[in-house]
Amino acid sequence: VVEGASDLWAVGCAETADGPIDYPISWIDSARDEVWANALLDLAGVKKGDLAFFSYIYSRSGHTWPLLRAGFERGVRMATGMPTQWDAYRLEMYCRLFNVDFIFGLTPDALDGLEGAGHKLPVVFGKADRIIAYGAAWRRLREAGLTPWKLHWLGPIIAIDPCDGGGARFDHAQWSFE
């Protein structure tokens, strides 16, 4: 935090039942989120030198920036792309040319783009150590014989379920559910 500077780091966007809402994210919020992001990367086994691919829309940067920053700080090599059909080629290219260790944020649209271009999911993702997927993408990857973790977008936070029987993990130091 810089003395005299605004406390506002960014404006986030969260999806709710009533539609998207904007919310302020302070520098302190971002730093706290990074603590949890490091714990998540530890849980996923992401380490220095790994190649990570983050698939996200820019309106969710408030959710993903702490993960990206935590990855940068631990020496992870990074690639990003949009979770859309038209940008699925980028993810396929990275998976084909490099050993992608960690993939975050796969969506049904991205899988539609891959399959629409004739790619088989087990071939594209067969070398990835850890995949975190959202919604029906998780189910489709399981049906393809892969073992993704589940991503849950919960308003201004995310929860990750490694599918180990322990339930979804979230930043319980800052949030609680009733």
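Each value, and the rule that gives it
- Residues numbered from 1 in each chain as written.
- Predicted model: local features only at pLDDT ≥ 70, side-chain atom pairs only at ≥ 80, totals over all residues.
- Heavy atoms only, no water.
- Buried < 20%, exposed > 50% of the residue type's maximum accessible area, 1.4 Å probe, protein only.
- Helix = DSSP H or I, 4+ residues; strand = E, 2+ residues; numbered from the N terminus.
- Pairing = 2+ DSSP bridges.
- Right-handed = clockwise from strand over helix to strand, strands pointing away.
- Expected span 1.5 Å × (residues − 1).
- Contact = heavy atoms within 4.5 Å.

Caption draft 1: Layout of the pairing of strand 3 (residues 51–55). Along strand 3, 5 of the 5 residues are buried, which leaves the element largely enclosed by surrounding structure. Residues Leu51, Phe53 and Ser55 line one face of strand 3 and the alternating positions Ala52 and Phe54 line the opposite face, and both faces are buried. Here strand 3 pairs with strand 4 (residues 77–81) via 5 bridges, running parallel. Looking across to strand 4, one finds that Leu51 is bridged to Arg77. In the classification by handedness, the crossover that spans strand 3, the intervening helix 2 (residues 61–73) and the parallel strand 4 is right-handed. Where strand 3 lies against strand 5 (residues 102–106), 3 bridges are found, and the strand directions are parallel. Bridge assignment links Phe54 to a residue of strand 5, and that residue is Phe104.

Caption draft 2: Representation of helix 2. The terminal C-alpha atoms of helix 2, which comprises 13 residues, lie 17 Å apart, in line with the 18 Å expected from a rise of 1.5 Å per residue. Those residues of helix 2 lying buried are Gly62, His63, Thr64, Pro66, Leu67, Leu68, Ala70 and Gly71. At the C-terminal side of helix 2, Gly75 shows a positive phi close to 85 degrees.

Caption draft 3: Region of interest: unusual backbone geometry. Even without a glycine there, the phi angle at Cys163 is positive, about 60 degrees. Relative to the helices and strands, Cys163 resides in the segment after strand 8 (157–161).

Caption draft 4: Focus on the environment of Asp109. Note that Asp109 resides in helix 4 (residues 108–116). On a C-alpha basis, the gap between Asp109 and Ala136 in space is 9.6 Å, while along the polypeptide they are 27 residues apart. Ignoring any residue separated from it by four or fewer positions in sequence, one finds Asp109 in contact with Pro83, Thr84 and Gln85.

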